[in-house]
Amino acid sequence: MTTLIFGATGGVGSALARRLCEAGESLFLTGRDEEALSTLAEETGARSTTCDVLDTGEIEAAVEAANADGDLSGLVFAVGSIDLAPLRKTDRDSFHKVFDLNAASAAEALRLAEKPLKENRGAAVLFSTVAVQQGFMSHALISAAKGAVEGLTRAVAAEWAPKARINAIAPSVLDTGIAQKVLTSEKMREGLAQMHPIQRIGEADDVAAMAQFLLSRDSGWITGHVFPVDGGRKSVRTRG
Ligand SMILES: NC(=O)c1ccc[n+]([C@@H]2O[C@H](COP(=O)([O-])OP(=O)(O)OC[C@H]3O[C@@H](n4cnc5c(N)ncnc54)[C@H](OP(=O)(O)O)[C@@H]3O)[C@@H](O)[C@H]2O)c1
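Residues numbered from 1 in each chain as written. Predicted model: local features only at pLDDT ≥ 70, side-chain atom pairs only at ≥ 80, totals over all residues. Heavy atoms only, no water.

S.K.: Even after reading the chapter, I still don't get helix α2 (residues 34-44), so can you show me in this structure?
M.R.: Residues three or four positions apart in an α-helix share a direction because the helix packs 3.6 residues into each turn. All of the buried residues along α2 are Leu37, Leu40, Ala41 and Thr44. The buried residues of α2 occupy an angular sector of 105° when the element is viewed end-on, so they sit on one face. The outward face of α2, more than 90 degrees from its buried face, is lined by the exposed residues Glu35 and Glu42. Next to the buried residues of α2 lie α1 (11-22), β2 (26-31) and β3 (47-50). The N-cap residue of α2 is Asp33: its side-chain oxygen and the backbone nitrogen of Glu35 are 3.1 Å apart. In the stretch just after α2, Gly45 is the one whose phi turns positive, near 65°. (Buried < 20%, exposed > 50% of the residue type's maximum accessible area, 1.4 Å probe, protein only. Helix = DSSP H or I, 4+ residues; strand = E, 2+ residues; numbered from the N terminus. Arc of directions from axis to C-beta. Contact = heavy atoms within 4.5 Å. Polar contact = N/O pair within 3.5 Å; in protein donor to acceptor, adjacent residues only side chain to side chain.)

Next up, the structure:
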C-alpha cells in the first residue's frame, strides 16, 4: 500500500516521510523544490514527482503516478501558508489566494484520489491550525481558509464512510519553514513558547506522529475529526 504526501519537502511532510519510511511503508512524495524532493526521495526510498498544488493537472498526474500499482491507500496534504494581516489590510483577492492554496487545493487532491482511497479502504490527513478554534490577532485570512479545511474534513468523512476515512490535525506554532516569519528572534520564540501549557514551540515530528497514527489501521474507527496538536494551547490555561 502506498501513501502520497503533498508538501513532502516541508517540515511536517518530511518528518512524516521519514517516520513512514522507518515503518517500512511505500511512499510517493511531491513538492515544488526538485532538488530537496529528490534528496528526500533517495533517503526514504520513495518515488516522487514535482507538483505545484495550484495546478490541478499536476495534482492529477501525481495521484496517477502514486497509484500506478493500484495501491494508493494514504493521502496527506501537508501544504500550507501562514498569511498574517489585520482584516483592514486584506481584500477579496488575498482571501481567494489563501483559500485556493489551503482549502481548494486540498479538496482537489481529495477529489482526484477518492476512487483509489475508497477501493483500498484508505485514509487522508489534512492540516488546519489552532487559530480556527481560538481567535488570534491578524489571523483572519488563514483562520478562514483553515476553517474551510475543517468543514471539508467533516463533509468528506460523511461522503467517504464507510470505505475511506479522513481526519485533520490543528497544530499550534511549529518550528518549520512557514513559521519563521513569526519566530523572528529568541525573545519572540521564548514568548510564544510560554503561551503553551507545554512550554515550548512545536516540532514537525510532534505533528507527524499524529498523522502517522491517523493513517494507520490503529485509527480505523476514527473519521471526521480535527485533532489539536498544540502543546495544550487551545484548551488549557495554567495561569489566572
Ligand atoms: N508551522 C506552523 O506553525 C503551522 C501551524 C499551523 C498549521 N500548520 C500547517 O501544517 C502544515 C504543514 O506545514 P509545515 O509546518 O510543515 O510548513 P512548511 O515546512 O513551510 O511546509 C509547507 C509546505 O507547503 C509547500 N507549498 C507551499 N505552496 C505550495 C504549492 N503551491 N504547491 C506545492 N507545495 C506548496 C511548501 O513547499 P516549498 O518548500 O516549495 O515552498 C512546503 O513544503 C500546513 O498545512 C500548515 O498550514 C503549520
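S.K.: Looking at this structure, how should I read the nonpolar core?
M.R.: In summary, soluble globular proteins display a tendency toward joint burial of nonpolar side chains. Judged by nonpolar contacts, the single largest core of 31 residues is most densely connected at Phe6, Leu75, Phe77, Leu110 and Leu126. Counting residues per element, this core draws most heavily on helix α4 (residues 92-119), at eight residues. Each residue touching Leu126, except ones within four places of it in the same chain, is listed here: Phe77, Ala106, Leu110, Val149, Leu152, Thr153, Ile166, Asn167, Ala168 and Ile169. Counting residues in hydrophobic clusters, the runner-up holds 24 residues, among them Ala8, Leu16, Ala208 and Leu214. (Core = buried A, V, L, I, M, F, W, Y, C linked by side-chain atoms within 4.5 Å.)

S.K.: Would you explain the UniProt feature "domain: Ketoreductase" (unreviewed entry) in the protein chain in this entry?
M.R.: In this structure's numbering, the residues bearing the UniProt feature "domain: Ketoreductase" (unreviewed entry) are residues 1-172. The span residues 1-172 is 48% helical and 19% strand by assignment, and the distance between its end C-alpha atoms comes to 31 Å. (UniProt positions renumbered as here; feature names shortened; annotations may be inferred.)

S.K.: Where do I start with the site of the ligand in this structure?
M.R.: Close to the ligand lie 28 residues, the nearest being Gly11, Val12, Arg32, Val79 and Thr176. Note that an oxygen atom of the ligand is positioned 2.8 Å from one of the backbone N or O atoms of Leu174. Contact with the protein chains covers 88% of the free accessible surface of the ligand, which is 890 Å². Taken together, the residues that form the shell around the ligand break down as 14 nonpolar, 11 polar and three charged. (Near = heavy atom within 4 Å. Areas by Shrake-Rupley, 256 points an atom, 1.4 Å probe, with all protein chains shown as cover. Nonpolar A, V, L, I, M, F, W, Y, C, P; charged D, E, K, R; others polar.)

S.K.: Where do I start with the packing of α1 against α2 in this structure?
M.R.: Close contact between α1 and α2 brings their axes to 10 Å; oriented N to C, the two are set at 20°. Comparing their axes, α2 and α1 come out roughly parallel. Between α1 and α2 lies a crossing of right-handed hand. Counted together, Ser14, Ala17, Arg18 and Cys21 of α1 and Leu40, Glu43 and Thr44 of α2 form the full contact between these two elements. (Axes fitted to C-alpha atoms, helices over the stretch in contact; angles between N-to-C directions. Parallel < 35°, antiparallel > 145°, perpendicular 65-115°, else oblique. Left-handed = near helix turned anticlockwise from the far one by under 90°.)

S.K.: Looking at this structure, how should I read the sheet that holds strand β7 (residues 226-229)?
M.R.: Within a beta sheet, neighbouring strands are joined by backbone hydrogen bonds and run either parallel or antiparallel to one another. Here we have seven strands laid out as an open sheet, ordered β3-β2-β1-β4-β5-β6-β7, and parallel in their pairing. Single-partner strands in this sheet number two, and they are β3 and β7. Between one strand axis and the next, the sheet turns through 15° on average, direction left out of account. Sheet topology note: the strand β1 (residues 2-6)/β2 ladder contains five bridges and is parallel. Its bridge partner lying in β2, Leu4 is registered against Phe28. Against the sheet, α1 engages β1, β2, β4 (72-77) and β5 (123-127), with an angle of about 165° to β1. Strand contacts of α2: β2 and β3, with the helix running at about 170° to β2, the strand carrying the most contacts. (Pairing = 2+ DSSP bridges.)

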